[in-house]
Amino acid sequence: MKIVFATNNKHKLEEVKSILSSELEIVSLSEINCFADIPETADTLEGNALQKAYYIKEHFNMDCFADDTGLEVEALNNAPGVYSARYAGEAHNAEANMQKLLKELEGTENRKARFRTVIALLLDRKEYIFEGIVNGKIIEEKRGNEGFGYDPVFVPDGYNQTFAELGMDIKNNISHRAQAVKKLADFLSDLAQI
């Protein structure tokens, strides 16, 4: 079975391919010659994921899944949320995003946060939604060199290292994206057996 993952993010692509069954052929946007800047104008993670998936379905007529991820910080009314990638501006600068977040939380005791990933799957003209959540907290300074985005300032519950310190093997087992992808994988695996 061939399915498009609506991303050009190499980190995401590797993470997802390592979790999904080898019976599935996962292709990226570049592999189907899609180089468009797919709009993400919804005000929810679900909305953005569906928007990307429908874009591929409408323009390439292929089954597709897309994801959107947000960091939700309790003390900031769940911001940056859907705006996580461009929290400090349209440049999508991870360093600037982290610095803005740390500044916003200065002097705040409640540092509870969660990463949430939503995957929207369009398969045979039907919509399916899968969600993964990992709870944790935002620390006061960056630690670690692995991962991407907010990983150096996020410590998942049950650990005392950031995602950027834990390394990709551990992160790929416990992360929000891993949880959502595992639900997607189970769903596709069940379908394949019908």
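Before any of the text, the structure's been laid out above.
Report on the accompanying structure. (Residues numbered from 1 in each chain as written. Predicted model: local features only at pLDDT ≥ 70, side-chain atom pairs only at ≥ 80, totals over all residues. Heavy atoms only, no water.)

### Focus on the overall build of the protein
Here is step 1 of the chain: Counting secondary structure elements, the protein contains six helices and seven strands.
Here is step 2 of the chain: From first element to last, N terminus to C terminus, the protein shows the α and β order β-α-β-α-β-β-α-β-β-β-α-α-α.
Here is step 3 of the chain: Computed over its C-alpha atoms, the radius of gyration of the protein comes to 17 Å, within 12% of the 16 Å expected for a compact globule of 194 residues.
Here is step 4 of the chain: For the C-alpha atoms alone, the extent of the protein along its principal axes is close to 50 × 30 × 25 Å.
Here is step 5 of the chain: Out of the 194 residues in the protein, the part that is buried amounts to 47%.
Here is step 6 of the chain: A separation threshold of at least 6 residues defines the contact pool for the protein, and within that pool the share at least 24 residues apart is 54%.
Here is step 7 of the chain: Measuring between centres, the 22 positive side-chain charges of the protein sit 1 Å from its 32 negative side-chain charges. (Helix = DSSP H or I, 4+ residues; strand = E, 2+ residues; numbered from the N terminus. Rg over C-alpha atoms; globule rule 2.2 N^0.38 Å. Buried < 20%, exposed > 50% of the residue type's maximum accessible area, 1.4 Å probe, protein only. Contact = heavy atoms within 4.5 Å. Lys, Arg positive; Asp, Glu negative; His and termini not counted. Charge placed at Lys NZ, Arg CZ, Asp CG, Glu CD.)

### Thoughts on the nonpolar core
Here is step 1 of the chain: In terms of nonpolar packing, the biggest core is built from 20 residues, with Leu-71, Val-73, Leu-101, Ile-138, Tyr-150, Val-153 and Phe-154 touching the most fellow members.
Here is step 2 of the chain: Secondary-structure elements contributing two or more residues to this core are β3 (64–73), α3 (94–104), β5 (112–123), β6 (126–138), β7 (154–156) and α4 (163–166).
Here is step 3 of the chain: It is α3 that contributes the most residues to this core, three residues altogether.
Here is step 4 of the chain: Those residues in contact with Tyr-150, other than ones at most four positions away along the chain, are Leu-71, Pro-80, Ser-84, Tyr-87, Asn-97, Met-98, Leu-101 and Phe-115. (Core = buried A, V, L, I, M, F, W, Y, C linked by side-chain atoms within 4.5 Å.)

### A look at helix α1 (residues 10–19)
Here is step 1 of the chain: Within α1, the full set of buried residues consists of Lys-12, Leu-13, Glu-15 and Val-16. The buried side chains of α1 occupy one side of the element, clustering within an arc of 165 degrees when seen end-on. Away from its buried face, by an angle of more than 90 degrees, α1 presents the exposed residues Lys-10, Glu-14 and Ser-18.
Here is step 2 of the chain: A side-chain oxygen of the first residue of α1 lies 3.1 Å from the backbone nitrogen of Lys-12; this N-cap is Asn-9. (Arc of directions from axis to C-beta. Polar contact = N/O pair within 3.5 Å; in protein donor to acceptor, adjacent residues only side chain to side chain.)

### Describing the packing of aromatic side chains
Here is step 1 of the chain: What the rule picks out here adds up to six aromatic pairs.
Here is step 2 of the chain: Where Tyr-128 meets Phe-187, the ring centres are 4.5 Å apart and the plane angle is 45 degrees; that geometry is what we call tilted. Here Phe-187 lies in helix α6 (residues 176–192) and Tyr-128 lies in strand β6, a separation of 59 residues in the sequence.
Here is step 3 of the chain: In this structure Phe-187 comes out as partly exposed when scored by relative accessible area, which is 22%.
Here is step 4 of the chain: Between Lys-100 and the ring centre of Tyr-87, over which it is positioned, the NZ or CZ distance is 4.4 Å. (Phe/Tyr/Trp six-rings, centres within 6.5 Å; stacked < 30°, edge-to-face > 60°. Lys NZ or Arg CZ within 6 Å of the ring centre and 35° of its normal.)

### Focus on the environment of Leu-105
Here is step 1 of the chain: Checked against the element boundaries, Leu-105 lands in the loop between α3 and β5.
Here is step 2 of the chain: Given a relative accessible area of 0%, Leu-105 falls into the buried group.
Here is step 3 of the chain: With 35 residues separating them along the chain, Leu-105 and Glu-140 place their C-alpha atoms 8.3 Å apart.

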